[in-house]
Amino acid sequence: MIDYGNMSDNELVQMVASRNDDCAMECLLKRYGNLVRKETRTVFILGAEQDDLIQEGMIGLYKAIKSYNASKEASFKTFATLCVRSQIQSAITAFNRKKHSPLNDYLSIYADSDETGTGVISEIVSKDTMANPEKVVLARENKKDVDVKLFSVLSKFERQVLDLFLDGLSYAEMSEITGKSEKAIDNGLQRIRAKLRKFFYPETH
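Once that is clear, we can look at the nonpolar core. Of all hydrophobic cores here, the largest spans 26 residues; its most connected members are Tyr4, Leu12, Leu28, Leu61, Ile65 and Phe76. Looking at this core, the elements that each hand over two or more residues are α1 (9–19), α2 (22–31), α3 (33–41), α4 (50–67) and α5 (76–97). Per-element accounting of this core gives the leading share, 6 residues, to α5. Not counting residues up to four positions away in its chain, the partners in contact with Leu28 are Asp9, Leu12, Val13, Leu61, Ile65 and Phe76. Membership of the second largest hydrophobic core comes to 13 residues, among which are Leu154, Leu164, Leu169 and Leu189.

Below, the structure is given as structure tokens:
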């Protein structure tokens, strides 16, 4: 019996390519399921369902498995991450074109470290910046300034919850780490969403 769980990514991808092995495909989809969930959480949709983006992310992962070339320099994980992000971005763009209101405004939040220690915001994109490349550039150039301002907008607990959320942790896991109830975690996320809406779209409040 083949032990798929102990096989490398490249071995599994090769089995999918050469034998169309469904078990190898399933193993990779499960192995990188958390990556998909983490990437979908970096897109902080205002009012949209995360499940829709998870589905798109899984499509991106499937495409990565089917098209990965091990002879290239990038590892499968790196390639899969790029494919998942690309699929999610394409889905958002398509929804915008169809004027689906929940996806007309969204924040793309990629956690990384900086001197503030927040690791909260590194890119901000909306329907306006998507249509105006200059605004995208300005948004990226102003990243550090936004990070600093958000540091004062969000409480210490809210920053912790947001970072954990973006890392793909469940409510139960976040509850265990923070020592707060799952209800407190949910309330914290609701406050974060409200503060982010007010911060990025003050004219609507």
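Having seen the model, we can carry on.
Two elements in contact, α1 and α2, have axes separated by 8 Å at closest approach and are oriented at 140 degrees. Between α1 and α2, the interaxial angle falls into the category oblique. Considering the relative orientation of α1 and α2, their crossing is left-handed. The segment α1 lies against α2, with Asp9, Leu12, Val13, Met15 and Val16 engaging Ala24, Met25, Cys27, Leu28 and Arg31. Looking at the contact of α1 with α2 residue by residue, the class counts come to 8 nonpolar, no polar and 2 charged.

Relative to the elements of secondary structure, Ser175 occurs in helix α10 (residues 171–178). Using a relative accessible area of 16% as the deciding quantity, one classes Ser175 as buried. Not counting residues within four places of it along the chain, the set of residues in contact with Ser175 comprises Lys180, Ser181, Glu182 and Ile185.

With respect to the element layout, Asp3 can be found in the segment before α1. Judged by relative accessible area, which is 45%, Asp3 ranks as partly exposed. A sequence separation of 21 residues divides Asp3 from Ala24, and the C-alpha atoms of the two residues are 9.8 Å apart.

This brings us to the state of the cysteines. Tallying each qualifying case throughout the model produces 0 disulfides. Distance from the sulfur of Cys23, which forms no disulfide, to the nearest cysteine sulfur (Cys27) is 9.1 Å. On the basis of relative accessible area, Cys27 is assigned to the buried category, the value being 14%.

Turning our attention to the packing of helix α9 (residues 156–166) against α10. Where α9 contacts α10, the two axes come as close as 10 Å, and the packing angle between them is 140 degrees. By the angle between their axes, α9 is oblique relative to α10. As for how α9 packs across α10, the hand of that crossing is right-handed. Contacts between α9 and α10 pair Phe157, Gln160, Val161, Leu164 and Phe165 from the former with Met174, Ile177 and Thr178 from the latter. Considering only residue class, the contact of α9 with α10 consists of 6 nonpolar, 2 polar and no charged.

What follows is about the side chain of Gln87. Along the polypeptide, Gln87 turns up in helix α5. Judged by its relative accessible area of 13%, Gln87 falls in the buried class. When sequence neighbours within four positions are dropped, the list of residues in contact with Gln87 reads Glu56, Ile59, Gly60 and Lys63.

Now for the confidence of the model for the protein. Taken as a whole, the protein shows an average pLDDT of 75; of its residues, 66% reach a score of 70 or greater. Within the model, the stretch residues 99–104 combines pLDDT values under 50 with 13 contacts to residues more than four positions away or in other chains. Below pLDDT 50 for its whole length, residues 110–131 participates in 65 contacts with residues either more than four positions away or in separate chains.

The next subject is the pattern of salt bridges. Evaluation of the coordinates by the stated rule reveals 6 salt bridges. Notably, a salt bridge pairs Asp9 with Arg31, separated by 2.7 Å at the nearest N-O pair. In this pair, Asp9 sits in helix α1 while Arg31 sits in helix α2, placing the two residues 22 residues apart along the sequence. Assessed through its relative accessible area of 16%, Asp9 is described here as buried.

Calculation rules
- Residues numbered from 1 in each chain as written.
- Predicted model: local features only at pLDDT ≥ 70, side-chain atom pairs only at ≥ 80, totals over all residues.
- Heavy atoms only, no water.
- Core = buried A, V, L, I, M, F, W, Y, C linked by side-chain atoms within 4.5 Å.
- Buried < 20%, exposed > 50% of the residue type's maximum accessible area, 1.4 Å probe, protein only.
- Helix = DSSP H or I, 4+ residues; strand = E, 2+ residues; numbered from the N terminus.
- Contact = heavy atoms within 4.5 Å.
- Axes fitted to C-alpha atoms, helices over the stretch in contact; angles between N-to-C directions.
- Parallel < 35°, antiparallel > 145°, perpendicular 65-115°, else oblique.
- Left-handed = near helix turned anticlockwise from the far one by under 90°.
- Nonpolar A, V, L, I, M, F, W, Y, C, P; charged D, E, K, R; others polar.
- Disulfide = S-S within 2.5 Å.
- pLDDT = per-residue confidence, 0-100.
- Salt bridge = Lys/Arg side-chain N within 4 Å of Asp/Glu carboxyl O.

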